[in-house]
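For reference, the chains in residue letters:
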Amino acid sequence: MPMHDRIIPYLERAELYHLARLNSQWFWLDEPLVSAFVERWRPETHTFHMPFGECTVTLQDVAFQLGLPVDGEAVSGCLGEFEKYMEGGRPAWEWFEDLFGERPPPNKVKHMTVHFTWFHERFRVLPPDASEETVRIYARAYIMMLLSTQLFGDKSANRVHIRWLPFVANLDDMGRWSAYLPPNDGKEQRVIRYRLALDRLTARDIVWEPYSALDVLAVVHPEILTEEHSRMWRAVTTLIYFAVIEWHQVDRVVPQLGGVQHILEDVFSRAMEPSIVHVTPRIHRGRSAYDSSQSPYICATAFCFANHTFR
């Protein structure tokens, strides 16, 4: 979807403008490279196991690459029947119609998702004489597509989940918180080449602190470098995204933050102890939601590839 000039102020208020600018010239998703890294991912440690040790995606990567804040309340909620827990119990599709001006046709709807072609076709062209309310509707549609395709994509790759309704309803509150390279015939060979390249890496081949370069520090937002913001990069805690919970285990990749790797304690025994940030799970008819009242420093983050620079 095109990013119309008139919706940019709404993207800025939602602190998503930097992410929206990561178009095909800024941020490419190289599927074979991601596949080669996935082969080295260990769910027990939430890190990539490399010949020289471990590395992972950290909140520092999210802050520098995506320009997103990494503190604040969790971006989470119920995955289904969530209308019962918000807006006085209004049906979700009635709320959808209020926010977007109409409902998608039945052939574009599946359960709680909308095929993204409907958003493309319906909100591609902003009328030149559009009212401010119409601009807000287009901004909501753009953000729904942005969140579902670039930031929190899923295996469907062609549907937008309406779980984001509570967040686009009030764009001012959203601030609390790639282009796609299509597969081709050479994908398998590219995976093999990347696999061999990773096998040959040594610690000397890695730039462990790519964000310390002066040219990088010169262009980042000053807020990223403040202590109250950057201290979250070092937090060993959980990252919550609706039903998904992942560990942010920076204690296993200390060199990425400029430190020396220490001897690790047993990850399984530590998992039984209380985490730095406490999360209380609540179950709604078999679906999980998370009480973030006691966890102001957890945020949902992008499950994206960490772009560590190779020499």
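Residues numbered from 1 in each chain as written. Predicted model: local features only at pLDDT ≥ 70, side-chain atom pairs only at ≥ 80, totals over all residues. Heavy atoms only, no water.

**Observations regarding the overall build of the protein chain**
1) Next: The secondary structure content of the protein chain amounts to 12 helices and 12 strands.
2) Next: When burial is assessed residue by residue, the protein chain has 44% of its 311 residues classed as buried.
3) Next: Within the structure as shown, the protein chain displays about 16700 Å² of accessible surface, and the carbon and sulfur contribution to it stands at 54%. (Helix = DSSP H or I, 4+ residues; strand = E, 2+ residues; numbered from the N terminus. Buried < 20%, exposed > 50% of the residue type's maximum accessible area, 1.4 Å probe, protein only. Areas by Shrake-Rupley, 256 points an atom, 1.4 Å probe, with all protein chains shown as cover.)

**Let's talk about the sheet that holds strand β5 (residues 109–110)**
1) Next: Strand order in the open sheet formed by 3 strands is β5-β6-β7, with antiparallel pairing between adjacent strands. If you trace the sheet from one side to the other, it starts and ends with β5 and β7 (159–161), each paired once.
2) Next: Sheet analysis places β5 next to strand β6 (residues 113–115), joined by 2 bridges and oriented antiparallel. Residue pairing in the sheet places Val109 in a bridge with Val114 of β6. (Pairing = 2+ DSSP bridges.)

**Re the confidence of the model for the protein chain**
Low-pLDDT portions of the prediction should not be read for the details of their coordinates.
1) Next: Put simply, the protein chain has an average pLDDT of 76, and 72% of its residues get 70 or more.
2) Next: No element of the protein chain has a lower mean pLDDT than strand β11 (residues 280–284), which averages 33, and none a higher one than strand β3 (residues 47–50), which averages 94.
3) Next: Low confidence marks residues 177–183, where pLDDT is under 50. Its contacts with residues over four positions away, or in another chain, come to 26 contacts.
4) Next: Taken as a whole, residues 271–311 scores under 50 in pLDDT and shows 106 contacts with residues more than four places along the chain or in a different chain. (pLDDT = per-residue confidence, 0-100. Contact = heavy atoms within 4.5 Å.)

**Structural notes on the environment of Glu133**
1) Next: Here Glu133 shows up in helix α7 (residues 132–151).
2) Next: On the basis of relative accessibility, which here comes to 36%, the residue Glu133 falls in the partly exposed class.
3) Next: Remark: the alpha-carbon pair of Glu133 and Leu99, spanning 34 residues in sequence, is separated by 9.9 Å.

**Considerations on a negative patch on the surface**
1) Next: Side chains of Glu15, Glu223, Glu227 and Glu228 sit close together on the surface and give a patch of like negative charge.
2) Next: Residue placement: Glu228 occurs in helix α11 (residues 227–230).
3) Next: For Glu228, a relative accessible area of 48% gives the class partly exposed. (Patch = residues over 30% accessible without salt bridge, like charges linked within 9 Å, V, L, I, M, F, W, Y side chains within 5 Å. Salt bridge = Lys/Arg side-chain N within 4 Å of Asp/Glu carboxyl O. Lys, Arg positive; Asp, Glu negative; His and termini not counted. Charge placed at Lys NZ, Arg CZ, Asp CG, Glu CD.)

**Here we look at helix α9 (residues 187–199)**
1) Next: The first and last C-alpha atoms of α9 sit 18 Å apart over 13 residues, in line with the 18 Å expected at 1.5 Å per residue.
2) Next: Among all positions of α9, only Arg190, Val191 and Leu198 are buried. Looking straight down α9, one finds its buried side chains confined to an arc of 105°; they lie on one side. Within α9, the exposed residues directed more than 90 degrees away from the buried face are Glu188 and Arg193.
3) Next: Where α9 is buried, its residues contact α3 (31–38) and β3. (Expected span 1.5 Å × (residues − 1). Arc of directions from axis to C-beta.)

**Details of unusual backbone geometry**
1) Next: Positive phi is not limited to glycine here, since Glu15 has a value of about 60°.
2) Next: Here Glu15 shows up in the loop between α1 (8–13) and α2 (17–20).
3) Next: For Glu15, a relative accessible area of 36% corresponds to the partly exposed category.
4) Next: Of note, the phi angle at His46 is positive, near 60°, even though the residue is not glycine.

**Comments concerning the packing of helix α6 (residues 116–123) against α7**
1) Next: In contact at an axis separation of 11 Å, α6 and α7 are set at 150° when each is read in the N-to-C sense. Relative to α7, α6 is oriented roughly antiparallel. Every pair of crossing elements has a handedness; the one defined by α6 and α7 is left-handed. From α6, Phe116, Phe119, His120, Arg122 and Phe123 reach across to α7, where they touch Ile137, Tyr138, Ala141, Met144 and Met145.
2) Next: Residue classes in the contact of α6 with α7 are distributed as 8 nonpolar, 1 polar and 1 charged. (Axes fitted to C-alpha atoms, helices over the stretch in contact; angles between N-to-C directions. Parallel < 35°, antiparallel > 145°, perpendicular 65-115°, else oblique. Left-handed = near helix turned anticlockwise from the far one by under 90°. Nonpolar A, V, L, I, M, F, W, Y, C, P; charged D, E, K, R; others polar.)

**Here we look at the sheet that holds strand β2 (residues 41–42)**
1) Next: If you walk across this open sheet you meet the 3 strands as β2-β3-β4, and the pairing is antiparallel. If you trace the sheet from one side to the other, it starts and ends with β2 and β4 (53–55), each paired once.
2) Next: Taken together, the 2 bridges between β2 and β3 define a ladder with antiparallel strand orientation. Bridge assignment links Trp41 to a residue of β3, and that residue is Phe48.

**Re the packing of aromatic side chains**
1) Next: Taken as a whole and assessed by the stated rule, the structure comprises 17 aromatic pairs.
2) Next: Here the aromatic rings of Phe100 and Phe119 are separated by 5.9 Å at their centres, their planes lie at 85°, and the arrangement is edge-to-face. Within this pair, whereas Phe100 is found in helix α5 (residues 92–100), its partner Phe119 is found in helix α6, the two being separated by 19 residues in sequence.
3) Next: The buried category is assigned to Phe100, whose relative accessible area is 0%.
4) Next: Their ring planes at 25° and their centres at 5.4 Å tell us that Phe152 and Trp164 sit as a pair that is stacked. On the criterion of sequence distance, the pair formed by Phe152 in the loop between α7 and β7 and Trp164 in the loop between β7 and α8 (165–168) is long-range, its members being 12 residues apart. Accessibility assignment for this pair places Phe152 and Trp164 in one class, buried. (Phe/Tyr/Trp six-rings, centres within 6.5 Å; stacked < 30°, edge-to-face > 60°.)

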